[in-house]
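# Secondary and tertiary structure notes
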Amino acid sequence: TNMLVDECADVMSSTPSERKTLVRGILDLLLSVLSTPQSTVTHLRALGGASQTLDTFGAALFLETTENNLQHWLRVILSLMNSTALSVRSISVDFIISLLGGVFNERGTIDDITMVLLTVLPEVAGREIGLYS
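First, a word on what this report is: a plain description of the structure on this page. (Residues numbered from 1 in each chain as written. Predicted model: local features only at pLDDT ≥ 70, side-chain atom pairs only at ≥ 80, totals over all residues. Heavy atoms only, no water.)

Under the counting rule described, the total for this entry stands at four salt bridges. Here Arg-75 ties to Glu-123 by a salt bridge, and the two come within 3.0 Å at their closest N and O atoms. You can see Arg-75 sitting in helix 5 (residues 70-80) and its partner Glu-123 sitting in helix 7 (residues 111-132), a full 48 residues away along the chain. For Glu-123, a relative accessible area of 37% translates into the label partly exposed. (Salt bridge = Lys/Arg side-chain N within 4 Å of Asp/Glu carboxyl O. Helix = DSSP H or I, 4+ residues; strand = E, 2+ residues; numbered from the N terminus. Buried < 20%, exposed > 50% of the residue type's maximum accessible area, 1.4 Å probe, protein only.)

As structure tokens, this is what we get:
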């Protein structure tokens, strides 16, 4: 996905509908990979691709293309923040910080995403505690 983002970002920037379709496709693919049990390396690469997509296309387009899956994205990222691998935990935290920072820079507030985050946090925390107790 990193190569896809690098090579297609400039070409797709001229047509907003194609750009949105490209970002939606990339993010759907990455969410599918992140949602299934994978190796640490696969999770790192998928999170890296998500971070690169976020940096390249911006938080506004990320939120626009993930509006129906935002809760699922946050559930997956919060779960990965509890990974046994330090590198996966670290890049998951970096992704959330980048997302919150990007949303704040573009909208001046993080209220929208914070409400979704707080909605899924108890569910994810309960599931993670249940898995490890």
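What follows concerns the environment of Ile-96. Relative to the elements of secondary structure, Ile-96 occurs in helix 6 (residues 86-107). Remark: the alpha-carbon pair of Ile-96 and Leu-78, spanning 18 residues in sequence, is separated by 8.7 Å. The contacts of Ile-96, once residues within four sequence positions are left out, are Leu-74, Ile-77 and Met-81. (Contact = heavy atoms within 4.5 Å.)

This part takes up the packing of aromatic side chains. The geometry of an aromatic ring pair comes down to the distance between the two centres and the angle between the two planes. Considering all chains together, one arrives at three aromatic pairs under this definition. Between Phe-62 and Trp-73, the aromatic rings sit 5.5 Å apart at their centres with planes inclined by 70°, giving edge-to-face as the arrangement. Here Trp-73 lies in helix 5 and Phe-62 lies in helix 4 (residues 59-65), a separation of 11 residues in the sequence. Classification of Trp-73 by relative accessible area gives buried; the value is 1%. Geometrically, the ring pair formed by Phe-62 and Phe-95 is edge-to-face, given 5.9 Å between the ring centres and 65° between the ring planes. Taken together, the residues Phe-62 in helix 4 and Phe-95 in helix 6 connect sequence positions 33 residues apart. On the accessibility criterion, Phe-62 (2% relative accessible area) is buried. Exposure remark for Phe-95: the relative accessible area of 1% places this residue in the buried category. (Phe/Tyr/Trp six-rings, centres within 6.5 Å; stacked < 30°, edge-to-face > 60°.)

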